[in-house]
Amino acid sequence: MSTDVQPRSSEQQQRTYGNWRVGRGAGLFGLGPAGTIAAFLVMVLAAAMIPVSALAALVTAVIGLLVLAPLAIRINGRTGFQVLNARIAWWLARARRHHVYVSGVASKVTAAHQLPGVLARSEVYEVETGRSGLVAVVVVPQSRHYTVTLRCAPEGMDLVDQAVIDARVSHLASWLAALSREPQLVQAQVTVETTPDPGTRLAAEVTATSRPAAPALALQVLDDVVRSYPAGSAAVDTRVSLTYTAPPGRSMSHEDVCREVAARLPHLHAGLTGATGAGIVPMSARSLAAVVRAAYDPDAALDLARDPQLTPDWTQAGPVATRESWDSYRHDSGVSRTWCMVEAPRGVVYSRLFARLTDPDPQLLRKRVTMIYRPYSPADAARLVEADKRDARFMAAKKPRPSARDLTDLAAADQAAQEEAIGAGVVRFTVLVTATVADDKQLDEATGIIRARAGEARLTIRPMYGCQAAGFAAGLPAGIVLPTHATIPF
């Protein structure tokens, strides 16, 4: 007997990715481990009160039920207790007028236009590396975090063979796995920021690099190119930020830690080259200040593109005034809304999944898509995947007929444990999307655009209610690790 083997189509041969999962702690009644322990304590306490008084036991049980009920209720992935705490924190902040910020001559706090919120105490140090020149390191003193940012010029995926794209994704996966063995690394983030290009960037570059003694024909050609350059095109800026913490048990100044962080760049630079192509350079202090200044004041971006000498230093890169609302953030000449990922795409996906999410949208003044990675150390990763496997088995075994989602989650946990055992890295990740428009009236249109792009990426997102200012700052190249600055520690 013979069989004919049909050749596989290009769609079938394309590599797929996935196996993202949210760790779920085993517990009863949806309470999780801590809630289950608290429920047992309430039952034991109520039983202990029975010999004293039946009424006291009943009151203890009712009070315990009222306390545990918010832990069992889930609202968009968060417990009722977390939602209630977030609301109370927002109301208290508004009562103290912490949602309004004014700097400069109209401020009672500071005469400089320093950055607001979690970036108020941040500083920038420039370190000479010898190989890459001056490298800027952003220091956040309250969390002892040190961030260095690399500006990349990725080649994109147009007219690129699928095999080359798969190889780049493989290099990026290896680079992320290597981050788990990087000492004191806290977070890595990849940011793709798109803005409408007014056509001045090319003109500024030609003016800076042209020489009066150049041939007349060459100057005429360059002048024609600048005049015919489409002003409606988009500028795409890709950045990779690496955040470190100070070594424990060592008394080091900020300058010493910055030099140690900058010394690790060559190794990380080499690992990242295979994933992005070429054109990877560390950002200077002036470049960082220009990015932050343009983010808070989009109208200033045109002036900064025309004349880079107008870029202020870090202490003056902040906005004149900001006002945070429950679901938006007003800052100088722009209004922004930031969304965060709630659920990663289910099932398998292809390498071009996030292409539409990061593509330019001419209706928006600025769009910033940030993927944040927080790697686990190899030891923590091994414990985590084994705990996830046990919890997934418990969740599936406690039901007489486990659901398809329980079985899928169990298979994903087993696969993650197997891949970690052969050397794969484990990272926590999330996605932040910030859209900036000129006024509040355009926010609804921006919301529709971002939700449509997220839907194409099979990504579930929600606005960062009550923390828009912090979410906005987390997408900037300043190394803000959001859990470190959270006022609600869970």
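Summary of the structure given here.

Reading the values: rules and limits
- Residues numbered from 1 in each chain as written.
- Predicted model: local features only at pLDDT ≥ 70, side-chain atom pairs only at ≥ 80, totals over all residues.
- Heavy atoms only, no water.
- Helix = DSSP H or I, 4+ residues; strand = E, 2+ residues; numbered from the N terminus.
- Expected span 1.5 Å × (residues − 1).
- Buried < 20%, exposed > 50% of the residue type's maximum accessible area, 1.4 Å probe, protein only.
- Arc of directions from axis to C-beta.
- Disulfide = S-S within 2.5 Å.
- Polar contact = N/O pair within 3.5 Å; in protein donor to acceptor, adjacent residues only side chain to side chain.
- Core = buried A, V, L, I, M, F, W, Y, C linked by side-chain atoms within 4.5 Å.
- Contact = heavy atoms within 4.5 Å.
- Patch = residues over 30% accessible without salt bridge, like charges linked within 9 Å, V, L, I, M, F, W, Y side chains within 5 Å.
- Areas by Shrake-Rupley, 256 points an atom, 1.4 Å probe, with all protein chains shown as cover.
- Salt bridge = Lys/Arg side-chain N within 4 Å of Asp/Glu carboxyl O.
- 1 Å grid on protein atoms, 1.4 Å probe; cavity = no way out; pocket = protein on both sides within 12 Å on 5 of 7 lines; lining within 4 Å.
- Points joined across faces, edges and corners; volume = space filled by probe spheres on them.
- Axes fitted to C-alpha atoms, helices over the stretch in contact; angles between N-to-C directions.
- Parallel < 35°, antiparallel > 145°, perpendicular 65-115°, else oblique.
- Left-handed = near helix turned anticlockwise from the far one by under 90°.
- Nonpolar A, V, L, I, M, F, W, Y, C, P; charged D, E, K, R; others polar.

Across its 12 residues, helix α9 (residues 265-276) extends 16 Å between first and last C-alpha, which sits within 8% of the 16 Å expected from 1.5 Å per residue. For α9, every residue scored as buried is listed here: L265, L268, L272, A275 and T276. Mapping the buried residues of α9 onto a view down its axis gives an arc of 80 degrees, with all of them on the same face. Exposed positions of α9 whose direction lies more than 90 degrees from the buried face are H267 and A270.

All right, on to the state of the cysteines then. Inspection of every chain in the model, using the stated rule, returns 0 disulfides. Note on C467: no disulfide assigned, nearest cysteine sulfur contributed by C340 at a separation of 7.2 Å.

Bringing the side chain of Q189 into the picture now. Of note, Q189 is situated in strand β7 (residues 185-196). Within polar-contact distance, the side chain of Q189 engages the backbone oxygen of L476 at 3.3 Å.

Our next topic: the nonpolar core. One finds Y146, W175, L179, L242 and L459 to be the most contacted residues of the largest nonpolar core, which totals 50 residues. Of all the elements, helix α15 (residues 443-456) adds the most residues to this core, at 5 residues. Residue contacts for L179: discarding those within four places in its chain leaves L185, A188, L242, L268 and P375. In this structure, M283, Y329, L476 and A478 belong to the second largest nonpolar core, which totals 19 residues.

Below, the discussion takes up a nonpolar patch on the surface. Residues L55, L58, V59, V62, I63, L66 and V67 make up a contiguous nonpolar surface patch of roughly 680 Å² in combined accessible area. Structurally, the position occupied by L66 is in helix α3 (residues 54-72).

This brings us to empty space enclosed by the protein. Counting across every chain of the model gives 1 cavity of 30 Å³ or more. The volume enclosed by the largest cavity comes to roughly 50 Å³. Surrounding the largest cavity, Q184, Y244, T245, P247, V257, E260, V261 and R264 form its lining. Secondary-structure elements contributing two or more residues to the lining of the largest cavity are β8 (234-245) and α8 (254-263). Per-element accounting of the lining of the largest cavity gives the leading share, 3 residues, to α8.

Moving on: the packing of helix α13 (residues 378-397) against helix α14 (residues 404-421). With their axes 9 Å apart at the nearest point, α13 and α14 run at an angle of 155 degrees to one another. Here α14 runs roughly antiparallel to α13, going by the angle between their axes. Like other packed secondary-structure pairs, α13 and α14 cross with a definite hand, here left-handed. Contacts between α13 and α14 involve P378, A381, A382, V385, E386, D388, K389, A392, R393, M395 and A396 on the former and, on the latter, D406, D409, L410, A413, D414, A416, A417 and E420. Along the lines of polarity and charge, the residues of the contact of α13 with α14 split into 11 nonpolar, no polar and 8 charged.

By secondary structure assignment, the location of L410 is in helix α14. Between the C-alpha atom of L410 and that of R393, which follows or precedes it by 17 residues, the distance is 6.2 Å. Apart from residues lying up to four places away in sequence, L410 is in contact with K389, A392 and R393.

For the structure shown, the criterion picks out 18 salt bridges. In this structure, the salt-bridge partner of R346 is E343, at a minimum N-O distance of 2.6 Å. The exposure class assigned to R346 is partly exposed, which follows from its relative accessible area of 46%.

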